[in-house]
Amino acid sequence: MTSKNINDWRRAVAPVWDRCLAHPFIQELADGTLPLDKFQFYLLQDHQYLDGFNAMHRLLAKQMGTPELAKAVLGLAGEGQEQDAQDPLMAAAGLDQSDLAKTPLAPTAQAYVNHTIVTAHNEGAAAGVASLVPCDWMYAWIFKQVATYAHPHQKAYQQMIDFYVSDTFQDAAKAIVNAMSQLAQIVNEPTRQKMQHAFNLSSDYELMYWEMAYNRELWPHQRYTAFGHQGGIHHD
């Protein structure tokens, strides 16, 4: 039987969450040594990832059974507050809308968005919500800890930390976590299994996302175009 207590789900993926907290992207962001190009890559990816992520929040909010659940699932997506908070970060990092326009989603970011869409479509609204929760819950958890020792000295890095420890974000994260908890109590066992599976996969995607940003992940056709042939068959 799948536990109705979502804290059990959280404990089951604790090693993945711990690796996210310890990831070089996070720790270098905190101490200010994160190379700017990695931060720029993250911002360009995340701003576009949030287009899909927010759309899923809005879609799933409409499928909730009560106004309270709908409000909790909608969260900050209704007014795009998380993306708005990124605008000054982008400016401080030397980026603008033209950079967004010429930057496609990286493979991991695209796969993560697709995962939430497919989960909601194939497995139902409750599993769809579970696929969204790790992003909000993990950011709230990570940056609350990071804020206790961070000293980045870079304005944009500190602004990012400040937003994710703000009451605005922390309260929104708590609300959707509580919504998932309520859903886990009322759905049937097969649906609860789907919820936990979606939660596990999204936790994995969070770790993969930090890897993507730190390594500035490219599609193969971008990599070979940018850096030339990396071995293999050469076509004249």
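The model shown is predicted, which means the values in this text are computed figures rather than measured ones.

Before going further, it helps to spend a moment on the overall build of the protein chain. Helices and strands together make up the secondary structure of the protein chain, namely 13 helices and zero strands. Seen in sequence order, the protein chain has helices and strands lined up from the N terminus as α-α-α-α-α-α-α-α-α-α-α-α-α. Since a compact globule built from 236 residues should have a radius of gyration of about 18 Å, the 18 Å found for the protein chain is in line with a globular shape. Dimensions along the principal axes, computed over C-alpha positions, put the protein chain at roughly 55 × 45 × 30 Å. Out of the 236 residues in the protein chain, the part that is buried amounts to 51%. Put simply, of all contacts in the protein chain between residues at least 6 apart along the chain, 82% involve residues at least 24 apart. Put simply, the protein chain shows about 11300 Å² of open surface, and 54% of that area lies on carbon and sulfur atoms. Charged side chains in the protein chain number 16 positive and 25 negative. The centres of these two groups are separated by 5 Å.

On to the packing of helix H2 (residues 14–22) against helix H9 (residues 125–146). It is the contact of H2 with H9, at a shortest axis distance of 10 Å, that shows an interaxial angle of 50°. Judged by the angle between their axes, H2 and H9 are oblique. Our pair here, H2 against H9, has a crossing hand that is right-handed. Where H2 approaches H9, its residues Trp17, Asp18, Cys20 and Leu21 are matched on the opposing element by Pro134, Trp137, Met138, Trp141, Ile142, Gln145 and Val146. Across the contact of H2 with H9, the residue classes tally to nine nonpolar, one polar and one charged.

Topologically, proline 24 is positioned in helix H3 (residues 24–31). Other than its neighbours up to four places away in sequence, proline 24 contacts Leu29 and Tyr214.

In the predicted model, the protein chain carries a mean pLDDT of 94, and the fraction of residues at 70 or more is 95%. A low-confidence stretch, residues 228–236 (pLDDT under 50), is modelled with four contacts involving residues beyond four sequence positions or located in other chains.

A few words on helix H11 (residues 167–186). Counted at 1.5 Å a residue, the expected span for H11 with its 20 residues is 28 Å, and the 29 Å between its end C-alpha atoms agrees. Where H11 is concerned, the buried positions are Phe169, Gln170, Ala172, Ala173, Ile176, Val177, Ala179, Met180, Leu183 and Ala184.

With that settled, consider the environment of glutamine 182. Checked against the element boundaries, glutamine 182 lands in helix H11. The class for glutamine 182 is partly exposed, based on a relative accessible area of 45%. With 105 residues separating them in the primary sequence, glutamine 182 and alanine 77 have C-alpha atoms 20 Å apart.

Moving on, we get to the packing of H11 against helix H12 (residues 189–215). Put simply, H11 and H12 touch, their axes get as near as 9 Å, and they point 150° apart. One element, H11, and the other, H12, form an angle in the roughly antiparallel class. Contacts between H11 and H12 involve Met180, Leu183, Ala184 and Gln185 from the first element and Arg192, Met195 and Phe199 from the second. Here the contact of H11 with H12 is composed, by residue class, of five nonpolar, one polar and one charged.

Okay, the nonpolar core next. In terms of nonpolar packing, the biggest core is built from 81 residues, with Phe39, Tyr42, Phe143 and Met180 touching the most fellow members. Ignoring sequence-local partners within four residues, the contact set of phenylalanine 143 consists of Ile26, Leu29, Met160, Ile161, Tyr164 and Val165.

The residue histidine 153 is not glycine, and still its phi comes out positive at about 65°. As for its position among the elements, histidine 153 is in the loop between H9 and helix H10 (155–165). The phi dihedral of arginine 216 is positive, around 50°, even though this residue is not glycine.

Cut-offs used in this document
Residues numbered from 1 in each chain as written. Predicted model: local features only at pLDDT ≥ 70, side-chain atom pairs only at ≥ 80, totals over all residues. Heavy atoms only, no water. Helix = DSSP H or I, 4+ residues; strand = E, 2+ residues; numbered from the N terminus. Rg over C-alpha atoms; globule rule 2.2 N^0.38 Å. Buried < 20%, exposed > 50% of the residue type's maximum accessible area, 1.4 Å probe, protein only. Contact = heavy atoms within 4.5 Å. Areas by Shrake-Rupley, 256 points an atom, 1.4 Å probe, with all protein chains shown as cover. Lys, Arg positive; Asp, Glu negative; His and termini not counted. Charge placed at Lys NZ, Arg CZ, Asp CG, Glu CD. Axes fitted to C-alpha atoms, helices over the stretch in contact; angles between N-to-C directions. Parallel < 35°, antiparallel > 145°, perpendicular 65-115°, else oblique. Left-handed = near helix turned anticlockwise from the far one by under 90°. Nonpolar A, V, L, I, M, F, W, Y, C, P; charged D, E, K, R; others polar. pLDDT = per-residue confidence, 0-100. Expected span 1.5 Å × (residues − 1). Core = buried A, V, L, I, M, F, W, Y, C linked by side-chain atoms within 4.5 Å.

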